[in-house]
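Read off the chains here:
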Amino acid sequence: MNAKKKKLIVHTIAHVILILGSVTMLVPFIWMVSSSFKSLGEVFVFPPTLFGEKIVWENYTKISSRFDYFAYFMNSVKVSAWVVICQVFTSATAGFVFAKLNFKGRDKIFLLYLATMMIPFHVTVITNYLQMSIYGLVNTLWSLMLPASVSAFGTFLMRQFFITVPNELIDAAKIDGCNPFTTFIRIAFPMAKSTIATLCIFCFMGVWNDYFTPLIYINDSRKYTLPLGLASMKGMYSTDWPVLMSSSVIAVLPVLVAFLLAQDAFVKGVMMSGMKE
């Protein structure tokens, strides 16, 4: 067997594995969507069916009548929008500073800042809760938004991109009279669109799907985000699974739309970030 045939076989096996992996990932999503259009008695029928005897559209109309789903959704939108905007701005500015501005102890400060990524969130949750309690922010959306406004990972991601920006551009901006902030806003930031899109996707998915943090800080059901709201829909003795699946489908849609819209920029941003040190 020649090298060409061996390479073809390896590529074929790799593609088969990837296809099987993608199918495995899609099965829970397909089951969720199909269950959202079934009656309660058809959800756990064995052998399972893709759809029931008839499509039950009423599962989607029952959501708002039984739960304050719109409030959960809007709370998640508010928190996600704030965190994404703040993280993009703080991470981009910090990344530019660590990549292009020279000052004493820059690399050591960056390493210390980066070391915080190795500390699990659960280790600091008690001190963070006490701090939010001192400020009177417990049981408010601010307790979810303010601590997440900065990100060591986002700073690292943006720094790795700004390192690839030619220093000649920065020097030319200085010659034209631009200060560091003006150079960042007019030159560096517009060049980082792909990496910013990548950071937005990572940040949005993390905040939108976060269950643990709201569980710690939020007690009022009117301030629940979607993950907490979906968990509250599960009853102690019985659960309307089709309605819960319908709610889950709607909760997943913003993430799918965001990823599909930014897919090209996401892939490009992952490839470009960290190309060289």
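J.: Before we move on, can you summarise the overall build of the protein chain with the specific residues and values?
T.: Scanning the protein chain for helices and strands turns up 14 helices and 0 strands. Of the regular secondary structure in the protein chain, the N- to C-terminal order runs α-α-α-α-α-α-α-α-α-α-α-α-α-α. Against the globule reference of 19 Å for 277 residues, the protein chain gives a C-alpha radius of gyration of 24 Å, more extended than a compact globule. In terms of overall dimensions, the protein chain has C-alpha extents of about 70 × 70 × 35 Å along its principal axes.

J.: Could you give an account of the pattern of salt bridges, with specific residues and numbers?
T.: In this structure the tally under the stated criterion is 2 salt bridges. For the salt bridge of Arg-106 with Asp-107, the shortest nitrogen-to-oxygen distance reads 3.3 Å. What makes Asp-107 partly exposed here is its relative accessible area of 43%. The salt bridge involving Arg-222 is made with Asp-220; its shortest N-O contact spans 2.9 Å.

J.: Tell me about a nonpolar patch on the surface, and please be specific about residues and values.
T.: Among the surface-exposed residues, Leu-26, Phe-29, Ile-30, Leu-50, Phe-51, Ile-55, Trp-57, Leu-253, Leu-256 and Leu-260 lie close enough to one another that they form a single nonpolar patch of about 970 Å² accessible area. Going through the elements one at a time, α1 (3-35) and α13 (241-261) are the ones with two or more residues in the nonpolar patch. Under the relative-accessibility criterion, Phe-51 is labelled partly exposed at 40%.

J.: Which residues make up the packing of helix α4 (residues 106-115) against helix α7 (residues 152-163), and what values do they have?
T.: Contact geometry of α4 with α7 gives a least axis separation of 9 Å together with a crossing angle of 135°. Classified by the angle between their axes, α4 and α7 sit oblique to one another. By crossing handedness, the relation of α4 to α7 is classed as left-handed. For the pair α4 and α7, the contacting residues are Phe-110, Tyr-113 and Leu-114 in the first and Ala-152, Thr-155, Phe-156 and Arg-159 in the second.

J.: Can you tell me about the nonpolar core, naming the residues and giving the values?
T.: Residues Tyr-69, Val-79, Met-158 and Phe-162 are the most contacted members of the largest nonpolar core, which totals 46 residues. If you tally residues by element for this core, the top one is helix α3 (residues 69-100), at 9 residues. Excluding its chain neighbours within four sequence positions, the residues that come into contact with Val-79 are Leu-141, Leu-144, Met-145, Val-207 and Thr-225.

J.: Outline the confidence of the model for the protein chain, listing residues and values.
T.: Of all residues in the protein chain, 92% attain a pLDDT of 70 or more, and the chain-wide mean is 83. Mean pLDDT values for the elements of the protein chain range from 59 in helix α14 (residues 263-272) up to 92 in helix α6 (residues 142-145). Confidence drops under pLDDT 50 across residues 273-277; counting only partners more than four residues distant or on other chains, this segment forms 12 contacts.

Conventions adopted
- Residues numbered from 1 in each chain as written.
- Predicted model: local features only at pLDDT ≥ 70, side-chain atom pairs only at ≥ 80, totals over all residues.
- Heavy atoms only, no water.
- Helix = DSSP H or I, 4+ residues; strand = E, 2+ residues; numbered from the N terminus.
- Rg over C-alpha atoms; globule rule 2.2 N^0.38 Å.
- Salt bridge = Lys/Arg side-chain N within 4 Å of Asp/Glu carboxyl O.
- Buried < 20%, exposed > 50% of the residue type's maximum accessible area, 1.4 Å probe, protein only.
- Patch = residues over 30% accessible without salt bridge, like charges linked within 9 Å, V, L, I, M, F, W, Y side chains within 5 Å.
- Areas by Shrake-Rupley, 256 points an atom, 1.4 Å probe, with all protein chains shown as cover.
- Axes fitted to C-alpha atoms, helices over the stretch in contact; angles between N-to-C directions.
- Parallel < 35°, antiparallel > 145°, perpendicular 65-115°, else oblique.
- Left-handed = near helix turned anticlockwise from the far one by under 90°.
- Contact = heavy atoms within 4.5 Å.
- Core = buried A, V, L, I, M, F, W, Y, C linked by side-chain atoms within 4.5 Å.
- pLDDT = per-residue confidence, 0-100.

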